[in-house]
Amino acid sequence: MHKYFQFHSKMDKFHLFSVEHLLTIGIIFALCILLFIFRKQLQEQVSERFSRYTLALLLLASEVFYQLWLLYENAWSLKTALPLQLSDIAVILAIVMLLTNSYRLFQFMYFAGLGSSIQAIITPDLDRFSFPHIRYFEFFVSHGGVVLACLFMVAVSKYRPTISSLWVTALIVNLYAACVFFINKSLKTNFLYIMKKPASASLLDYLGPWPWYILSLELVMIVSFYLLYSPFWLKRKIERK
């Protein structure tokens, strides 16, 4: 049983799109669908506040658990514990967004948080933390929770992203990446995968060698942001007819 909690896991390596991985993606997708199906019930004041705070508490518990687990396993370090990946930052910002019901923060989170979390869910960098390791569950609870948090603001709070916020988000992400580059140089880390590609399979494998894949990733980010915005653009086009 202890092997499911060890930081230096001796379990088999995580396999992308394995049965367990696909089932996990399916569960998260189903929860997103249910969120929209029951949006009317969730929009009631008591239900809305309870759901929003519960989701924030779940994300907070997941992040606190992860940090305590690293400490317990004597694995906590600046290289392993700093939440500097964009999808990790998104977990913290999602908690703040849910607790404050912030529309301004949603404008950033819808693109950066939702986009990075979906990417993390599809191509997770889990190495030997495969199912049913505790880190596997924590990873998908936190990143799946961010997806649900962003969609909750759309379905229940009726928040909508804008084109201007899309480009502001892209600018902020680029400025953040520039700061992280210097942190990576100082700590000899690889946050945001700026210094090299992850060892596990990912989208970066198809974007060319270093450093050219960083430029390719810029284009992918813009395209993904527009794809996330497209449902709202299509809805406006239909309403105008």
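A quick note: this is a predicted structure, and the numbers were derived from the prediction, not measured.

Procedures and definitions
Residues numbered from 1 in each chain as written. Predicted model: local features only at pLDDT ≥ 70, side-chain atom pairs only at ≥ 80, totals over all residues. Heavy atoms only, no water. Helix = DSSP H or I, 4+ residues; strand = E, 2+ residues; numbered from the N terminus. Rg over C-alpha atoms; globule rule 2.2 N^0.38 Å. Buried < 20%, exposed > 50% of the residue type's maximum accessible area, 1.4 Å probe, protein only. Expected span 1.5 Å × (residues − 1). Contact = heavy atoms within 4.5 Å. Core = buried A, V, L, I, M, F, W, Y, C linked by side-chain atoms within 4.5 Å. Patch = residues over 30% accessible without salt bridge, like charges linked within 9 Å, V, L, I, M, F, W, Y side chains within 5 Å. Areas by Shrake-Rupley, 256 points an atom, 1.4 Å probe, with all protein chains shown as cover. Salt bridge = Lys/Arg side-chain N within 4 Å of Asp/Glu carboxyl O. Lys, Arg positive; Asp, Glu negative; His and termini not counted. Charge placed at Lys NZ, Arg CZ, Asp CG, Glu CD.

**Q** Help me out: how do you make sense of the overall build of the protein in this one?
**A** The number of helices and strands found in the protein is nine helices and zero strands. For the protein, the N- to C-terminal ordering of α and β elements is α-α-α-α-α-α-α-α-α. Rg of the C-alpha trace for the protein: 18 Å, near the compact-globule value of 18 Å for 241 residues, within the 12% margin. Across its three principal axes, the protein shows a C-alpha extent of roughly 55 × 40 × 30 Å. Of all 241 residues assigned to the protein, the portion counted as buried reaches 43%.

**Q** Sorry if this is basic, but what is going on with helix α3 (residues 45-72) here?
**A** In an α-helix, one full turn covers 3.6 residues, which means residues spaced three or four apart are oriented alike. An ideal rise of 1.5 Å per residue puts 40 Å on 28 residues; α3 measures up with 40 Å between its terminal C-alpha atoms. Within the sequence span of α3, burial applies to Glu48, Ser51, Arg52, Leu55, Ala56, Leu59, Ser62, Glu63, Tyr66, Gln67, Trp69 and Leu70. Residues of α3 that are buried sit in contact with α2 (39-42), α4 (78-81), α5 (86-100) and α7 (134-155).

**Q** Would you mind going over the nonpolar core with me for this structure?
**A** Buried together is how nonpolar side chains tend to be arranged in soluble globular proteins. Ranked by size, the top nonpolar core spans 62 residues in total, and within it Leu35, Met97, Leu98, Met109, Tyr110 and Val146 carry the most contacts. Listing elements by their share of this core, those giving two or more residues are α1 (19-37), α3, α5, α6 (103-122), α7, α8 (163-187) and α9 (212-240). Take this core: its biggest share by element is 13 residues, from α7. Every residue in contact with Tyr110, bar those within four places of it in the chain, is listed here: Gly115, Cys150, Val154, Pro161, Leu228, Tyr229 and Phe232.

**Q** Explain a positive patch on the surface here, please?
**A** Together, Arg39, Lys40, Lys158, Arg160, Arg236, Lys237 and Arg240 line one region of the surface with positive charge. Among the secondary structure elements, those contributing two or more residues to the positive patch are α2 and α9. The greatest single-element share of the positive patch, amounting to three residues, is contributed by α9. For Arg240, the position within the fold is in helix α9.

**Q** Would you explain the pattern of salt bridges in this entry?
**A** Counted according to the given criterion, the structure contains two salt bridges. We note a salt bridge from Glu48 to Arg52, for which the minimum N-O separation is 2.7 Å. In this pair, Glu48 and Arg52 both sit in helix α3, four residues apart, roughly one turn of the helix. As far as burial versus exposure is concerned, Glu48 and Arg52 are alike and both buried. Measuring nitrogen to oxygen at the nearest pair gives 2.3 Å for the salt bridge that ties Arg135 to Glu138. Highlighted residues: Arg135 and Glu138, both in helix α7, separated by three residues, approximately one helical turn.

**Q** Would you mind showing me how to read a nonpolar patch on the surface here?
**A** A cluster of nonpolar residues, Ile27, Phe29, Leu31, Ile33, Leu34, Ile37 and Phe38, forms a patch on the protein surface that exposes about 680 Å² of accessible area. Among the secondary structure elements, Ile37 is positioned in helix α1. On the accessibility criterion, Ile37 (52% relative accessible area) is exposed.

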